[in-house]
Amino acid sequence: MIALIAVGLLGLLADYQNHQIFEQHSRAAVADRLSVIRARLEGNINRDIQIGRGIVAALATRPDLDSAEFGALVEHLLAAGSDLRLIAAAPDMIVRMVHPLIGNEKVIGLDYTKTPSQRDAVLRARETGQLVLAGPIELVQGGVGIVGRFPVFIDRPAGPPVFWGIVSAVIDIERLYANSGITAADFTLDLTIRGRDGKGAAGEIFFGLEDVLARSPLTATINIPGGTWQLAATPKGGWPAPPNTVSFRLMIALIGALVVLPILITGHLYAERRRNLDELSEAKRLAEARNIQLEEANRRARHTSLHDELTGLPNRRHLMDHLGRLDTGAPRGKARIAALHIDLDRFKQVNDTYGHAAGDRLLQHAADLMRAVFRPDDMVARIGGDEFVAVCISEEPEELARTLADNLIAGFRHPIDLGEVRCRSGLSIGIACGDLRSDQSSKLLIDADIALYRAKKLGRNRFEFFTRALEAQVVSAKRLADEILTGIEENQFTAHYQQQFDASTRELVGLEALLRWNHPTEGLLVPARFMEVAEDINALPTLDHMVLETALAHRRRWCSAGLRVPRIAVNVSMGRLRDERLADMLRAMAIEPGTLSFELTEAIYLDESDEVVCDNIRGIKDLGIDIEIDDFGTGYASIVSLMRLQPTRLKIASQLTAAVSTSSAQRQLIRSIVEIGRTQGIGVVAEGVETLEQAHILTELGCQTLQGYALGRPADADEMARLMIEESKVSVVKRQNLRSETLDALLVSESDQS
């Protein structure tokens, strides 16, 4: 823009200078012409004035000159050539002589003193004694002319000159103009003459147009007797523009373009470069901002990937990275490591009872407590669910871990605010300690998990240290769990049966199906060897179902062989009762009503909060399957719950029957159970009968059914079939003897009556 403005100004200046130079040339040419015109006008006027002066000189010497002589004199003077129209002599101010007379007759007798248009000039000439040039004026005889008034004085020998009169020389204005060349057809100037009566620039315009004065004309002064005229001239139509204006302006524009265009192009390129630099700067700024955002996002992502979202504690991945660094870069020496595996007790119950929001608050409370208890350098991580792991480095890790575990458990003894509710919970902690050496830290986690398992088994809300003996137990349990799963897949589990007898008649009234494992290396195993592990791996529902199917298959086979098969009792675990498909599966088995009973523990049937369990128990009864309460009297049952469930039979726990022959308190307790069953219409079965004495006492106490080694040991299906055959033969003999004894008694009675 600066270059454009500068070039524009320079162009305007150059164009102005071009006009000025051309105008100077034009004005110089006009000035030359004007000088010529001025000289011509002055020369012609002076020539005409000189003729008038000659007439004045003649009259001054011969005042008595007559008209003929006057005419001859004038004719002689005019012969040399002039612009004079006439010369008149006015003695005493009255015109007496005129030459030429023809055409000027009206002038004869003109009294100047009585002619207003001429009186002032005549009087001024007489008073000043000088020539007075007046006009152009309207002539008396017609036309326009310039009149020169010459006073004539006659000298006297003594005294001042005497005024004779006036000689008037009339210059024909048109002839003056023509002789001066200003009225020629080829005259190229616009000319204005002003100064009537010799008043110069102050006089009136008497030739040309007034607008010439508005065109910045050139002026010249014509000196005439008694005053001046002013000439003003411009070329025809005004001052012309330079003939090269268009080409000159084009040249200026071209020069300006040659100057401005490179600057514009350079400016455009510079602006483009500036924009590119700005864009690069902006792109750099955005890139740096994005890098910052990416770094922040990466930091958050790293933090998120290494921390638990709920509690803010490090997660399993962070823990494993930390342990890896300890394995590879931990300082050697006296420092040792302790790993604490922490699990919240009854966390599932909190979730199920109060909802997951309460469970989340419980986890956050636990995390806050751990932050407060553990040292800043300790690693505390949530590895999933309600499980946490802490790793501590110390010269005496056992003592440190014991103190930390005590503080954690103590901190969890207080009621915990979960928002709308307050609850109590606990912590189970497994602790493993070791040296800082390669591959030790990952092994410590396994050991701490084993110790945690032990703490939960021993009652929860406590801590246990890992030992090699504990490791051996866990390894053994793990191996046994694998073998149980393999045994289920290979159908190694079967059912044995133990007989149940009528307490009074000793007749066979029922069988209890007992789970047995045909172990491939250890032989036949009873449930006590594997039941706890099977429960831990949730295999009991599967084993219950296998026993039920096996018992039903054996019953069908026995019935097909013509045997009278009594009622069969099968154990049912809690996991089995919680199966929503249980009723449908039993219905599909087409079990004959009254041929099967399910044995439930007290803990199972008292759980009224589980709707699935309650629905399944109702469904079992609807199918005609009896409900028996196993191990009754071990401390779970209540009269109210017993009345609500209405089982068919109660099985007195073997712990009560074992001391019946030696303890009166036990006998009284069993008598009370029998009385409860009698009042509620519930049968009573005594299991664990080891001696005939116990059988006799239990019968006297009112037990209807007896089961135990004193009466019959568990046997497989084939052996039980043989025993049932023998039992049926014994029953026939007993019935025959009973009929014979009855007949003999009748005969004796009839004989007595006779």
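Structure first, text after, so check above.
This write-up is about the structure you can find in this document. (Residues numbered from 1 in each chain as written. Predicted model: local features only at pLDDT ≥ 70, side-chain atom pairs only at ≥ 80, totals over all residues. Heavy atoms only, no water.)

**Considering the overall build of the protein chain**
On a plain count of helices and strands, the protein chain comes out with 22 helices and 25 strands. A compact globule built from 754 residues should have a C-alpha radius of gyration of about 27 Å, whereas the protein chain, at 76 Å, is more than 25% larger. For the C-alpha atoms alone, the extent of the protein chain along its principal axes is close to 240 × 80 × 45 Å. The buried share of the protein chain, reckoned over its 754 residues, is 44%. Of the roughly 39600 Å² that the protein chain leaves accessible, carbon and sulfur atoms contribute 54%. In the protein chain, which carries 84 positive and 101 negative side-chain charges, the distance between the mean positions of the two groups comes to 6 Å. (Helix = DSSP H or I, 4+ residues; strand = E, 2+ residues; numbered from the N terminus. Rg over C-alpha atoms; globule rule 2.2 N^0.38 Å. Buried < 20%, exposed > 50% of the residue type's maximum accessible area, 1.4 Å probe, protein only. Areas by Shrake-Rupley, 256 points an atom, 1.4 Å probe, with all protein chains shown as cover. Lys, Arg positive; Asp, Glu negative; His and termini not counted. Charge placed at Lys NZ, Arg CZ, Asp CG, Glu CD.)

**Some points on the pairing of strand E15 (residues 426–435)**
Within E15, eight of the ten residues are buried, which leaves the element mostly enclosed by the surrounding structure. Both strand E10 (residues 336–345) and E15 contribute to a ladder of ten bridges, which runs antiparallel. Residue pairing across strands places aspartate 343 opposite serine 428, the latter belonging to E15. Bridge count for E15 against strand E16 (residues 463–465) is three bridges, and the pairing is parallel. (Pairing = 2+ DSSP bridges.)

**Topic: the sheet that holds strand E4 (residues 144–154)**
Working definition: the strands of a sheet are paired by backbone hydrogen bonds and lie parallel or antiparallel to each other. Read across the sheet, five strands follow the order E2-E1-E5-E4-E3 without closing on themselves; strand pairing throughout is antiparallel. Of all the strands in the sheet, just strand E2 (97–99) and strand E3 (132–138) have a single pairing partner and so form its edges. Adjacent strand axes in the sheet meet at a mean angle of 20 degrees, parallel and antiparallel pairs treated alike. Where E3 meets E4, five bridges bridge the pair, whose relative direction is antiparallel. Its bridge partner lying in E4, leucine 133 is registered against glycine 148. Sheet strands touched by helix H2 (residues 67–78): strand E1 (84–91) and E2. Its angle to E2, the strand with the most contacts, is close to 30 degrees. (Axes fitted to C-alpha atoms, helices over the stretch in contact; angles between N-to-C directions. Contact = heavy atoms within 4.5 Å.)

**Overview of the nonpolar core**
Counting 73 residues, the largest nonpolar core has Ile484, Tyr497, Trp558, Ile568 and Phe598 as the members making the most contacts within it. Per-element tally for this core: the top contributor is helix H13 (residues 540–560), with eight residues. Apart from residues lying up to four places away in sequence, isoleucine 568 is in contact with Tyr497, Leu511, Ala513, Ala551, Arg555, Trp558, Thr595, Leu596 and Ser597. Ile49, Leu84, Ala169 and Phe207 belong to the second largest nonpolar core, which has 44 residues in total. (Core = buried A, V, L, I, M, F, W, Y, C linked by side-chain atoms within 4.5 Å.)

**Notes on the packing of aromatic side chains**
Per the counting criterion, the structure on display carries eight aromatic pairs. Seen from their ring centres, phenylalanine 493 and tryptophan 517 are 5.0 Å apart, and the 25 degrees between their planes marks the pair as stacked. Taken together, the residues span a long stretch of sequence, with phenylalanine 493 in strand E17 (residues 493–502) and tryptophan 517 in strand E18 (residues 508–519) at a distance of 24 residues. The burial state of phenylalanine 493 is the same as that of tryptophan 517; both residues are buried. Here tryptophan 517 and phenylalanine 530 contribute two aromatic rings whose centre-to-centre distance is 5.4 Å and whose plane-to-plane angle is 85 degrees, an arrangement assigned as edge-to-face. Pair noted here: tryptophan 517 is in strand E18 and phenylalanine 530 is in the loop between strand E19 (523–525) and helix H12 (531–536), with a separation of 13 residues, a long-range link. One cation-aromatic arrangement involves arginine 126 over phenylalanine 163; the distance from NZ or CZ to the ring centre is 6.0 Å. The ring of tyrosine 112 is capped by arginine 149, whose NZ or CZ atom sits 4.8 Å from the centre of that ring. (Phe/Tyr/Trp six-rings, centres within 6.5 Å; stacked < 30°, edge-to-face > 60°. Lys NZ or Arg CZ within 6 Å of the ring centre and 35° of its normal.)

**What to know about the sheet that holds strand E12 (residues 387–394)**
Taken in spatial order, the five strands line up as E11-E12-E10-E15-E16 in an open sheet, and their pairing is mixed. Of all the strands in the sheet, just strand E11 (379–384) and E16 have a single pairing partner and so form its edges. Averaged over all pairs of adjacent strands, the angle between strand axes in this sheet comes to 20 degrees, irrespective of strand direction. Judged from the five bridges that link them, E11 and E12 form a sheet pairing that is antiparallel. Bridged to alanine 381 within E12 is valine 389.

**Description of the environment of glutamate 399**
For glutamate 399, the position within the fold is in helix H9 (residues 397–411). Residues glutamate 399 and glycine 459, spaced 60 residues apart in sequence, show a C-alpha to C-alpha distance of 23 Å.

**Regarding the pairing of E1**
Across the eight residues of E1, seven count as buried, placing the element largely inside the fold. Pairing of E1 with E2 involves three bridges; the strand directions are antiparallel. Across the sheet, the residue bridging to alanine 88 is valine 98, located in E2. What sits between the antiparallel neighbours E1 and E2 is a turn of five residues, in which aspartate 92 has the positive phi angle 55 degrees.

**Digging into empty space enclosed by the protein**
Here the structure, examined in full by the defined rule, presents four cavities of 30 Å³ or more. Roughly 110 Å³ of internal volume is contained in the largest cavity. Lining the largest cavity are 13 residues, and of these Val107, Tyr112, Gln118, Gln141 and Val170 sit closest to its centre. Mapped onto the lining of the largest cavity, the elements with two or more residues apiece are E1, E4 and strand E5 (162–172). (1 Å grid on protein atoms, 1.4 Å probe; cavity = no way out; pocket = protein on both sides within 12 Å on 5 of 7 lines; lining within 4 Å. Points joined across faces, edges and corners; volume = space filled by probe spheres on them.)

**Description of helix H3 (residues 116–128)**
Over its 13 residues, H3 runs 19 Å from end to end, which matches the ideal 18 Å to within 8%, given 1.5 Å per residue. Within the span of H3, buried status applies to Gln118, Ala121, Val122 and Ala125. Burial along H3 is one-sided: seen end-on, the buried residues are contained in an arc of 100 degrees. Exposed residues on H3 whose side chains face more than 90 degrees from its buried face are Pro116, Asp120 and Glu127. Elements in contact with the buried residues of H3: E3, E4 and E5. (Expected span 1.5 Å × (residues − 1). Arc of directions from axis to C-beta.)

**Considering the side chain of glutamine 500**
Of note, glutamine 500 is situated in strand E17. Polar side-chain contacts of glutamine 500 include one of 2.8 Å to the side chain of glutamine 707. Excluding residues that lie within four positions of it along the chain, glutamine 500 makes contacts with Glu507, Leu508, Val509, Gly510, Leu511, Glu512, Arg567, Glu599, Lys651, Thr705, Leu706 and Gln707. (Polar contact = N/O pair within 3.5 Å; in protein donor to acceptor, adjacent residues only side chain to side chain.)

**Description of unusual backbone geometry**
Glycine aside, a negative phi is what most residues show, and trans is what most peptide bonds show. Cis peptide bonds are those with omega within 30 degrees of zero, and the linkage from histidine 99 to proline 100 qualifies with -10 degrees. Within the secondary structure layout, proline 100 lies in the loop between E2 and H3. Of note, methionine 93 is a non-glycine position whose phi angle comes to about 75 degrees, a positive value.

**Regarding the packing of helix H1 (residues 2–61) against helix H4 (residues 173–180)**
Between H1 and H4, the shortest axis-to-axis distance is 9 Å and the interhelical angle comes to 135 degrees. By the angle class used here, H1 and H4 are oblique. You can see that H1 and H4 cross each other, and the crossing is right-handed. Along the contact surface, H1 presents Arg40, Leu41, Asn44, Ile45 and Arg47, while H4 presents Leu176, Asn179 and Ser180. (Parallel < 35°, antiparallel > 145°, perpendicular 65-115°, else oblique. Left-handed = near helix turned anticlockwise from the far one by under 90°.)

**Things to note about the side chain of arginine 516**
Along the polypeptide, arginine 516 turns up in strand E18. This buried residue, arginine 516, is left without a salt bridge; glutamate 512 holds the nearest opposite charge, at 8.6 Å. With residues near it in sequence (within four places) discarded, arginine 516 still touches Gln492, Phe493, Thr494, His496, Leu524, Leu525, Val526, Pro527 and Pro714. (Salt bridge = Lys/Arg side-chain N within 4 Å of Asp/Glu carboxyl O.)

**Re the layout of surface pockets**
Taken as a whole, the largest pocket holds about 1200 Å³ of empty space. In terms of lining residues, the largest pocket is bounded by 37 residues, among which Pro527, Met531, Asn571, Asp630 and Asp631 are the most central. Of all the elements in the fold, those that place two or more residues in the lining of the largest pocket are E18, H12, H13, strand E20 (567–571), helix H14 (574–577), strand E21 (596–601), strand E22 (626–632) and helix H19 (654–657). A breakdown of the residues in the lining of the largest pocket according to their chemical character gives 15 nonpolar, eleven polar and eleven charged. What the second largest pocket holds in volume is close to 1000 Å³. Looking at the second largest pocket, it is lined by 27 residues, and the ones nearest its centre are Tyr453, Lys456, Lys457, Arg460 and Asp536. At the level of elements, E10, helix H7 (347–354), helix H10 (440–457), helix H11 (468–489) and H12 are the ones that each hand at least two residues to the lining of the second largest pocket. Per-element tally for the lining of the second largest pocket: the top contributor is H10, with seven residues. Looking at the lining of the second largest pocket, its residues break down into eleven nonpolar, two polar and 14 charged. (Nonpolar A, V, L, I, M, F, W, Y, C, P; charged D, E, K, R; others polar.)

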